[in-house]
2 protein chains.
Amino acid sequence: MMTRNLAHWALDLKTIPPAVRKAAVRSLYNYIGCAIGGSNHPTVTKAHSALSRLFGNPTSSLLGTAGKADARHAALLNGIASHVHDYDDTHLATIIHPTGPVASALLAYAELQGTPLQGEDLLLALVAGMEASCKLGLAVWPEHYDIGWHITGTTGVIGAAVGVGKLMRLTELELSHAIGIAATNVIGLREMFGSDTKSFHPGQAAASGLMAALLARSGFTSSEQSLEAKRGWANVVAGGGAGASNLNPTLESLGRTWEVELNAFKPFPCGIVCHPAIDAAIQCHEELLQEGIEPSELQEVSLQVHPLVIELTSKKYPRDGLEAKFSVYHGCAVGLLYGKAGPAQYENPVVTRPEVTKLRDRVKLTAKTSFNADEAHLRATHQSGDIEKHIVHAVGSLEVPMTDEQLERKFIDQVLPVLGEPRSMEVSNAAWILGEADDVLPILKQLSQ
Amino acid sequence: MMTRNLAHWALDLKTIPPAVRKAAVRSLYNYIGCAIGGSNHPTVTKAHSALSRLFGNPTSSLLGTAGKADARHAALLNGIASHVHDYDDTHLATIIHPTGPVASALLAYAELQGTPLQGEDLLLALVAGMEASCKLGLAVWPEHYDIGWHITGTTGVIGAAVGVGKLMRLTELELSHAIGIAATNVIGLREMFGSDTKSFHPGQAAASGLMAALLARSGFTSSEQSLEAKRGWANVVAGGGAGASNLNPTLESLGRTWEVELNAFKPFPCGIVCHPAIDAAIQCHEELLQEGIEPSELQEVSLQVHPLVIELTSKKYPRDGLEAKFSVYHGCAVGLLYGKAGPAQYENPVVTRPEVTKLRDRVKLTAKTSFNADEAHLRATHQSGDIEKHIVHAVGSLEVPMTDEQLERKFIDQVLPVLGEPRSMEVSNAAWILGEADDVLPILKQLSQ
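Residues numbered from 1 in each chain as written. Chains lettered and ligands numbered in written order. Predicted model: local features only at pLDDT ≥ 70, side-chain atom pairs only at ≥ 80, totals over all residues. Heavy atoms only, no water.

**Concerning the packing of aromatic side chains**
What counts, and what does not: Aromatic contacts are taken between Phe, Tyr and Trp rings whose centres are within 6.5 Å, Trp giving its six-membered ring; a plane angle under 30 degrees counts as stacked, one over 60 as edge-to-face, and the others as tilted. The buried label goes to any residue with under 20% of its type's maximum accessible area, the exposed label to any with over 50%, and the partly exposed label to all in between, with areas taken from a 1.4 Å probe on protein chains only. A helix here means a DSSP run of H or I that spans at least four residues, while a strand means a run of E at least two residues long, and both kinds are numbered starting from the N terminus.
A complete count under the given rule lists 13 aromatic pairs over all chains for this structure. Between A:Trp141 and A:Tyr145, the ring centres sit 5.3 Å apart and the planes meet at 40 degrees, which makes this aromatic pair tilted. Here A:Trp141 falls in the partly exposed class, since its relative accessible area comes to 26%. Between the aromatic rings of A:Trp149 and B:Trp149, the centroid separation amounts to 5.8 Å while the plane-to-plane angle is 35 degrees, which identifies the pairing as tilted. Of this pair, A:Trp149 sits in the loop between helix 7 (143–147) and helix 8 (151–167) while B:Trp149 sits in the loop between helix 7 (143–147) and helix 8 (151–167), which puts the two residues in different chains. Judged by its relative accessible area of 1%, A:Trp149 is buried.

**Comments concerning the relation of the copies chain A and chain B**
Inclusion rule: Superposing copies: least-squares fit, C-alpha atoms only, residues required to have pLDDT of at least 70 in both.
The operation relating chain A to chain B is a screw motion whose rotation component is 180 degrees, with 0.0 Å of axial translation and a residual RMSD of 0.0 Å. Here the symmetry operator amounts to a two-fold rotation axis.

**A few points about the sheet that holds strand 6 (residues 300–305) of chain A**
Residues and elements named next belong to chain A. Condition: Pairing between two strands is assigned when DSSP locates at least 2 bridges connecting them. All axes are obtained by fitting lines to C-alpha atoms, using only the stretch in contact for helices, and the reported angles, taken between N-to-C directions, cover 0 to 180 degrees. By definition in these notes, contact holds between two residues if any of their heavy atoms fall within 4.5 Å.
Spatial ordering of the open sheet is given by 7-6-8-9, a layout of four strands whose pairing is mixed. Every other strand in the sheet has two partners, leaving strand 7 (363–367) and strand 9 (385–391) as the edge strands with one partner each. This sheet shows a mean twist of 15 degrees between the axes of neighbouring strands, independent of strand direction. The pairing of strand 6 with strand 7 spans five bridges and is classified as parallel. Within strand 7, the residue paired with Gln 304 across the bridge is Thr 366. Relative to strand 9, helix 13 (residues 275–290) is tilted by about 140 degrees, and along the sheet it contacts strand 6, strand 8 (376–382) and strand 9.

**Structural notes on the UniProt feature "domain: MmgE/PrpD N-terminal" (unreviewed entry) in chain A**
Stated precisely, the cut-off is as follows: UniProt positions are given in the numbering used here, feature names are shortened, and annotations may be inferred rather than shown by experiment.
Per the UniProt entry, the sites bearing "domain: MmgE/PrpD N-terminal" (unreviewed entry) are residues 5–240 of chain A in this numbering. Taken end to end, residues 5–240 of chain A is 64% helix and 4% strand, and its first and last C-alpha atoms sit 23 Å apart.

**Thoughts on the pairing of strand 6 (residues 300–305) of chain B**
As a general feature of sheets, a regular strand has side chains that alternate between the two faces. Where strand 6 of chain B lies against strand 8 (residues 376–382) of chain B, six bridges are found, and the strand directions are antiparallel. In the strand pairing of strand 8 of chain B, B:Val301 is matched with B:Ala380.

**Details of the domain arrangement of chain A**
Residue and element names in this part refer to chain A. As a reminder, the rule being used: By convention here, the domain bounds are inherited from an automatic or database domain assignment. Put simply, buried area is how much 1.4 Å-probe accessible surface two parts lose in total, over both of them, once they are put together. When a carboxyl oxygen of Asp or Glu lies within 4 Å of a side-chain nitrogen of Lys or Arg, that pair is called a salt bridge. We define a polar contact as two N or O atoms separated by no more than 3.5 Å, with the added condition that, inside protein, one atom must be a possible hydrogen donor and the other a possible acceptor, whereas residues neighbouring each other in sequence contribute only through side-chain atom pairs.
Looking at the assigned domains, one finds that chain A contains domain 1 (2–265 + 409–446) and domain 2 (272–391). Between the C-alpha centres of domain 1 and domain 2 the distance comes to 32 Å. Taken together, both faces of the contact between domain 1 and domain 2 bury some 1000 Å²; the carbon and sulfur share is 70%. Where domain 1 touches domain 2, the interface holds one salt bridge. A salt bridge links Glu 311 to Arg 190, with the shortest nitrogen-to-oxygen separation between them at 3.7 Å. Taken together, the connections running from domain 1 to domain 2 amount to one residue pair in polar contact (both at pLDDT 80 or more).

Quick look at the structure:
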């Protein structure tokens, strides 16, 4: 009954606590900034040119561009764009980026449908979808991720189906089938990290989740026990293990604990496990400046990090911006040199700049199994001594969350190169108020060019 | 290098032995009959009506109908149609239905491209894709299937990408990326068996494989070791086990042993594991007729089968045609009663017909672990004695393959209710010669209405 219970809960969700609502608004806002910021990235433009011959009736906006596509391709491309800079949100307990798949499907569907949609209904559907993704992720974590699945895609497709299905007001049975149709599309291998296909995962999750809801609305059947059955989603994606045994406790917490509240926002456009090290590097940069020491002249940088940092982001010689996102060496070097690790510091020319590669080569990495995942220690050695920085919780963590003002600076930082002034500020304002609108459709128009 | 090796082999394939060619022609012919025969099935029409709002430029035929769709949706819908009657081909060593995903993608792409395409090139691409699917299936069999994956979808998406990529004449690197983009879409849980979503799997595999090739042609990157990497496809889909260790020997046999030659065709539109029992029932029917015994008056039917038959097809009380495909009881009952188990015997009214349900209830099933998978023993008890039939190899097996004439009767049997006479015979002739055509495009037109 767990699939049915999830469907029932999602359809029944009519009010959310104010703190959950606020978290959803911030998640949606951050998503829009990421999707616009990524909209002109080569990964997105390659996908657009590859698939434009297949586009249908252009109902749905490609955020940040003047273009539209059919709802499925809009969901795909906005989903790719939202993740391509690795700058989107993170549900820390599962490393899921939960908003991209769900919001990309919801916005594309809203415009396909074309009838007025209250902001509050959009937020409720977003929360339902995000909670579904994150609770399912918790049920199969960590085996699922350890095996090699990109958990954002594998759970995102189900969240997208739940969200769109709620907007469609499917029956409980229909939504159960939609969950099954979505669950049978298990999208995303971690092996693709560092390539265009990583951000394809949330895009394809959005597109396939949307399709699942459309199919279910037409009476297309799947299984009513798709998540919990012996050979259902949870057991299969946990490697044939006992994934389903964790489904019950996690799904029972739906509406009692809210995963959306535990969603964090990245201050840096790279793998979140790098963030404590970058935070330390930026703090070190500031101290170096105060002391009049030139960061490029550092002799050695010794970095102690959680073992996962080494497992996920130890690309010593990244060749371009995409690979640099998986290089704690790069993040550390630009943090030390420039006191920033924003999108500009992950542009290809910066990654191969001699001053960056030289400092990168001087960074030594050590795994500390006693560290928390968001802990790091940096010691920078210069001619006349050492500077040490210890980060207990990185900026952007739940303990040190980004403020609304920081989120807005990040948004503008992403959107400005795409939309310029003064459109960026207008779009930021529109993105903030989406959840309060009587009708989101005219606001969605403003998010395009 | 195994991903690269597969890409290299597929692109390099320029000639095939005559027996392989013949097997490919039969596979394609059987596929077309299945796709036309399934084209008006509710599963297909529901999917069509759910998704038609998203259709793009209608370049590609929906086989057996007057309609067209964009290439991706045509691949999806033809793939669904080809599998919906569970009447398609089977690579017996892996239970993969290999033609559906690959051929659906190839035909849709050929019409999207719109330039003349020689039948020989179509066959070569089909063989490359089918070999890719089946060799990969062999590498991860049986763990992959045991965990709960629908191996037709999970391997079919990669075969479709290989086939379309070969038609596109991608470079080796591009095709490696296409394989990776396809591999990251792991489509199909066995939990969906008995619902519309089962046949969605080969359809979505075709559509996603086509998309993967289109993306790769535009320079979209994935991994160059997507199949063999530590967290690549083979290990992940074998449940985090050592799937990749089998990749090397199976992929090394590419071009030495041909899986297409081991592709079998179903005489009955249901799960292949039922076939020996149905074969026995039909032979029993004939003997009952000769002896003047009314099959509906049988007192008991005792059936000994391989344990997999019970695991997969023991639905004792199927409620409709779809469920009846997973009921060896139903197949046995109609075989005994009518001497046939064709599409007509899997129509909903037959499944609930009192004479069928009564005889079904009298069938007793016993697992025989000593039996081969295509072995069955039937004892039918009537008022004055028993009739026994022992099947060593079922009709449609590699040992007792369907003849071209039997394949043609099956084709006509499927196509006639959709196209009527005399179109059915014309279409059958067109389907036979597709592989010899100087240009397949005008022939593809004939396969529609």
